[in-house]
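Given next are the chains, with one letter for each unit.
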2 protein chains.
Amino acid sequence: MIQEKKAQPLLDYIRRFVTLTHEEETIVLSSVKYRKYLKGQYIVQQGDVCKYSSFILSGCTKTFYVDDKGQEHIIMFAIEDWWTSDIGSFITQTSADYNVQCLETTETIQFSYYAQEELLQKVPKLERLFRMMLERAFVASQKRIVRNFSLTAKEQYLHFKEQYPEIEQRIPQYMIASYLGITKEFLSKIKSQLASE
Amino acid sequence: MIQEKKAQPLLDYIRRFVTLTHEEETIVLSSVKYRKYLKGQYIVQQGDVCKYSSFILSGCTKTFYVDDKGQEHIIMFAIEDWWTSDIGSFITQTSADYNVQCLETTETIQFSYYAQEELLQKVPKLERLFRMMLERAFVASQKRIVRNFSLTAKEQYLHFKEQYPEIEQRIPQYMIASYLGITKEFLSKIKSQLASE
DNA sequence: AAATAATGTTAAACTAGATTAACTTTTATT
DNA sequence: AATAAAAGTTAATCTAGTTTAACATTATTT
């Protein structure tokens, strides 16, 4: 059982969506595990089954895909108060398409697939929490598709900077380029263009 | 109250995720409305609040976004047994970013925002249904982002044909080009290349 | 059957962004 | 402080996909 103090950010997060009794909160805390990763370690590896859905207490991760040509494509970043996993692998318990790697020392609270299923039986209110989280995630994902289609690389970069100023500070530029789907050289060009404007 | 016969595809769909009692099924049917749209009509219009989440009994829709330059970008198609709406607008009841237009005469079963909230109170099991639907939708959306980044236009077209052969038949090519994020001219070139291989 | 609108094709000129490669700056390690 | 490794820059060349524009084919309407 995780200490309530450590789990405070998770409880705060949950409260934004549903109201749990103290007893229900206790059940949640008894279903999860605390785990700390070092910089460079993998939470999920392409090919493995994704066993956990992880809530981030501190640190930063990137989720990426290595394609047939060996190219790395960053799908998302995650920082404090975000969730990360390979959901496709997690929900079907089949091998993961993506890697989740820590870019900093990262503290997490983890829900295992089976613990989560059991937890949802015991605290059905959490179905609502997950439903609402997924609604938001899906909407954000759709919006990203639209941006990909309708904005130039420069516009996408400006949008990223505006939407995630904290992430932009913490992460090397070449990873931001990968997230935007452009090369690091081209992002560099965009930045020098912006600087001279 | 919708006739049980008409709602059969919806009930079958729900049964793939959760098991409802007959009484619960009746509550579901009493919360929804049947509505038929003609070809060309809009289920949702950019700027309006999206009032309904629609399950498609027959027909076909496109969801698209018109950008600042007046360009239309198709985000998704939907056919029988799929759901369509502007989820972002639906869940927050704020104005929609997207249009949903019928490409054929389209019969739907619709959940209004308020009816759905009420329904979820009465039949909490449905939270699980929606959670699972959204998991799948989110995974599919993420995969599309990855394909956008890692496949050429030709590869994406082949993937589309393979994954949605029925849709490819029913829809004009220029809309498929829009869905893939390329021009109709370039799709035409790809097709002639493929034909001469 | 003719006319119109919608859809699809071809080809030339163009451009956003990729590739390659050499170089500079910053950060981490000894 | 010196060295190595990681991250970022610049510039020339290249290419996948766009734009423009004219034309061809297929549906739809009268």
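A quick note: this is a predicted structure, and the numbers were derived from the prediction, not measured.

1. Quick word on the side chain of Asn148 of chain B
Along the chain, Asn148 of chain B turns up in helix H5 (residues 125–150). The exposure class assigned to Asn148 of chain B is buried, which follows from its relative accessible area of 18%. When neighbours within four sequence positions are excluded, Asn148 of chain B is seen to be in contact with Phe149 of chain A together with Gln156 of chain B.

2. Some points on helix H8 (residues 173–180) of chain A
Of all 8 residues in H8 of chain A, 6 are buried, a share of seventy percent or more. Gly181 of chain A occupies a position one or two residues after H8 of chain A and carries a positive phi of about 80°.

3. So, the packing of aromatic side chains
One pair of aromatic rings is described through two measures. These are the centre distance and the angle between the planes. Under the criterion given, the structure shown has 32 aromatic pairs over all chains. Taken together, a centroid distance of 5.3 Å and an interplanar angle of 50° make the contact between Trp83 of chain A and Phe111 of chain A tilted. Of this pair, Trp83 of chain A sits in strand S6 (residues 83–84) while Phe111 of chain A sits in strand S8 (residues 106–112), placing them 28 residues apart in sequence. We note that Trp83 of chain A, like Phe111 of chain A, is buried. Aromatic side chains Phe55 of chain B and Trp83 of chain B sit 5.2 Å apart centroid to centroid with 65° between the ring planes, which places their arrangement in the edge-to-face category. One end of the pair, Phe55 of chain B, is in strand S3 (residues 52–58); the other, Trp83 of chain B, is in strand S6 (residues 83–84), and 28 residues separate them in sequence. Taken together, the ring pairs in this structure connect Tyr13, Phe17, Phe55, Trp83, Phe111 and Phe130 of chain A into an aromatic cluster. Geometry around Phe64 of chain A places Lys62 of chain A over its ring, the cationic atom sitting 4.7 Å from the centre.

4. Focus: the sheet that holds strand S2 (residues 42–44) of chain B
Residues and elements named next belong to chain B. The 4 strands are arranged S2-S7-S4-S5 in an open sheet whose pairing can be described as antiparallel. At either margin of the open sheet sits one strand with a lone partner, and together these are S2 and strand S5 (72–79). Here the average twist between neighbouring strands, direction ignored, is 30°. Strand direction decides the pairing type here: strand S4 (residues 60–66) and strand S7 (residues 99–102), joined by 4 bridges, are antiparallel. Paired with Thr61 across the strands is Cys102, a residue of S7. Of the strands in this sheet, S4 and S5 touch helix H8 (residues 173–180), which is tilted by about 110° from S5.

Cut-offs and rules
Residues numbered from 1 in each chain as written. Chains lettered and ligands numbered in written order. Predicted model: local features only at pLDDT ≥ 70, side-chain atom pairs only at ≥ 80, totals over all residues. Heavy atoms only, no water. Helix = DSSP H or I, 4+ residues; strand = E, 2+ residues; numbered from the N terminus. Buried < 20%, exposed > 50% of the residue type's maximum accessible area, 1.4 Å probe, protein only. Contact = heavy atoms within 4.5 Å. Phe/Tyr/Trp six-rings, centres within 6.5 Å; stacked < 30°, edge-to-face > 60°. Lys NZ or Arg CZ within 6 Å of the ring centre and 35° of its normal. Pairing = 2+ DSSP bridges. Axes fitted to C-alpha atoms, helices over the stretch in contact; angles between N-to-C directions.

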